[in-house]
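Coordinates in review
Residue strings, one per chain:
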Amino acid sequence: MKICKSLEDLRQAKKLIHGKHGFVPTMGALHAGHFSLVKKAREENDFVSVSIFVNPTQFNQASDLENYPSSLEEDLAALKDLGVDLVFLPDFSTLYPDEYRFKISENDFSKKLCGHHRPGHFDGVLTVVIKLFHLMGAERAYFGEKDFQQLSLIRGMVEAFFMPIEIIAVPTVRETTGLALSSRNSRLSPEARDKASLLYEKLRSKSSDQQVLADLQKAGFDVDYVETIENRRFVAASIEGVRLIDNEVLP
Ligand code: PAF
């Protein structure tokens, strides 16, 4: 498994690319959700690359960025076991030589749900993703359905800019309690983790969005939103200051 930090390393390593190239962008602190993306990429492609970069431009709160978990050694060992060919580990100045003077901005869906509560978040996501797509040059990229709004905006961007890359959606991986796997879950206490499974239970319930919001507040969540759009219910809520998101198609 080739590990590249600089653009020059990456240019050299890309000479090894053969056949179909599948790419999985991540922010590290990898868990079974990420591994399902990598496994699918491995099944469907001849060459698999992964990037690990905690992208500061998508964090609207400094404390969230500072507390974002990191486990680089374990991540690299796991990616090697999964048969990844190339890992790109850029730093900020490598990916942002312009210091974020230029950005990709979407004017509609990115302003709703998480975008409404985290201003600028999706500008940061779309900007880093377009940079990574250009640098990696893969034919396919893999994203989890847990971040459904992100997935849908990336699909929209690829269409809008005629980008020659196929976006593959991978279902959310859940704990047995139903809690969607997220790197942020590692910051939950055992009690909060138990309580967090309520999020999925309520998300799937027949109650109205307003009722679900009230139920979650009563259970101690600080709720950003519960909203159904085109038969998919989205929720974002914090517990112990850890922000969790999830979504599900309603029956
Ligand atoms: O989903 C994530 O981990 C990030 O938003 C992504 C797509 C790697 C961009 O930083």
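Cut-offs applied
Residues numbered from 1 in each chain as written. Predicted model: local features only at pLDDT ≥ 70, side-chain atom pairs only at ≥ 80, totals over all residues. Heavy atoms only, no water. Pairing = 2+ DSSP bridges. Helix = DSSP H or I, 4+ residues; strand = E, 2+ residues; numbered from the N terminus. Axes fitted to C-alpha atoms, helices over the stretch in contact; angles between N-to-C directions. Contact = heavy atoms within 4.5 Å. Near = heavy atom within 4 Å. Polar contact = N/O pair within 3.5 Å; in protein donor to acceptor, adjacent residues only side chain to side chain. Areas by Shrake-Rupley, 256 points an atom, 1.4 Å probe, with all protein chains shown as cover. 1 Å grid on protein atoms, 1.4 Å probe; cavity = no way out; pocket = protein on both sides within 12 Å on 5 of 7 lines; lining within 4 Å. Sits in = over half its atoms within 2 Å of the grid points. Points joined across faces, edges and corners; volume = space filled by probe spheres on them. Nonpolar A, V, L, I, M, F, W, Y, C, P; charged D, E, K, R; others polar.

A separate point is the sheet that holds strand β9 (residues 242–249). Pairing is antiparallel across the open sheet formed by three strands, whose spatial order is β7-β8-β9. Of all the strands in the sheet, the pair left with one neighbour each is β7 (222–229) and β9. Neighbour-to-neighbour, the strand axes of the sheet open up by a mean angle of 10°, direction not taken into account. Of the strand pairs in this sheet, strand β8 (residues 232–239) and β9 are connected by eight bridges, and their pairing is antiparallel. Bridged to Phe234 within β9 is Asn247. Packing of helix α9 (residues 190–203) onto the sheet brings it into contact with β8 and β9, and relative to β8 it is tilted by some 160°.

Glancing now at unusual backbone geometry. Notably, Tyr100 is not glycine yet its phi reads approximately 65°, a positive angle. Residue placement: Tyr100 occurs in the loop between α5 (92–95) and α6 (113–117). In this structure, Glu240 takes a positive phi of about 50° despite not being glycine. Of note, Glu240 is situated in the loop between β8 and β9.

Turning next to the site of the ligand. Neighbouring the ligand are the residues Pro25, Thr26, Met27, Asn55, Gln58, Val128, Val129, Phe143, Asp147 and Gln150. Between the ligand and Gln58, the relevant distance is 2.6 Å, taken from an oxygen atom to a side-chain nitrogen or oxygen of the residue. Between an oxygen atom of the ligand and a side-chain N or O atom of Gln150, the distance comes to 2.7 Å. Compared with its free state, where it exposes 290 Å², the ligand has 89% of that area covered by protein. Using a 2 Å cut-off from the grid points, one finds that the ligand occupies the largest cavity.

For the rest of this paragraph, the subject is empty space enclosed by the protein. In this structure the tally under the stated criterion is two cavities of 30 Å³ or more. Forming the boundary of the largest cavity are 45 residues, of which Met27, His34, Lys146, Asp147 and Gln150 lie nearest the centre. Put simply, the parts of the chain that give the lining of the largest cavity at least two residues each are β2 (21–26), α2 (32–44), α7 (121–136), β5 (140–144), α8 (148–160), β8 and β9. For the lining of the largest cavity, the leading source of residues is α7, giving six residues. Considering only residue class, the lining of the largest cavity consists of 23 nonpolar, 15 polar and seven charged. When residues of the lining of the second largest cavity are traced back to their parent elements, those giving at least two are α9 and β9. The class makeup of the residues in the lining of the second largest cavity is seven nonpolar, three polar and three charged.

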